[in-house]
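Spelled out from the first residue to the last, the chains are:
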Amino acid sequence: IELIKRDAASTHPHIDLGKLVMMGHSMGGITAVEACTRFEELKLCVTLDPYYFPLHDFIEEMDDYWLKQPTLVIRSEKWAQSITEYNYN
């Protein structure tokens, strides 16, 4: 985060570095969620069809995993149907 702020400040001084957003799709979507759990500097999380299966059990077991940032999750209908059919066992 500090590297992003330093580089952006020198190359794009008009960007408000106090309002950083993390966004990702699929594996990038769950990466966005994970980044937002670790960095309070990120003020918003946007995730499109997050692929959370590798972290599902980990997330379910942690009481303090929840995001503090506002979060927008966008999932496609087809993907949502496949999630309900997925067997975790």
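A brief structural summary. Keep in mind it's a predicted model, so treat the numbers as computed, not measured. (Residues numbered from 1 in each chain as written. Predicted model: local features only at pLDDT ≥ 70, side-chain atom pairs only at ≥ 80, totals over all residues. Heavy atoms only, no water.)

## Remarks on the environment of Ile-1
- As for its position among the elements, Ile-1 is in the segment before helix H1 (2-11).
- The class for Ile-1 is partly exposed, based on a relative accessible area of 23%.
- Beyond its immediate stretch of four places on either side in the chain, Ile-1 contacts Leu-20, Phe-39, Glu-41 and Leu-42. (Helix = DSSP H or I, 4+ residues; strand = E, 2+ residues; numbered from the N terminus. Buried < 20%, exposed > 50% of the residue type's maximum accessible area, 1.4 Å probe, protein only. Contact = heavy atoms within 4.5 Å.)

## Some words on helix H2 (residues 27-38)
- If you check H2, its first and last C-alpha atoms are 17 Å apart, about what 12 residues at 1.5 Å a residue would give, namely 16 Å.
- Gly-29, Ile-30, Ala-32, Val-33, Glu-34, Ala-35 and Cys-36 are the residues of H2 that are buried. (Expected span 1.5 Å × (residues − 1).)

## Side note on the pairing of strand E1 (residues 20-25)
- Summarising the sheet, E1 and strand E2 (residues 42-48) pair through six bridges and their orientation is parallel. By the bridge assignment for E2, His-25 is matched with Leu-48.
- Remark: the E1/H2/E2 crossover connection has right-handed handedness. (Pairing = 2+ DSSP bridges. Right-handed = clockwise from strand over helix to strand, strands pointing away.)

## Things to note about the pattern of salt bridges
- Following the criterion strictly, the structure yields two salt bridges and no others.
- Put simply, Asp-16 and Lys-19 hold a salt bridge, and the shortest N to O gap is 3.9 Å.
- The class of Lys-19 is exposed, set by a relative accessible area of 60%.
- In this structure, the salt-bridge partner of Arg-38 is Glu-34, at a minimum N-O distance of 2.6 Å. (Salt bridge = Lys/Arg side-chain N within 4 Å of Asp/Glu carboxyl O.)

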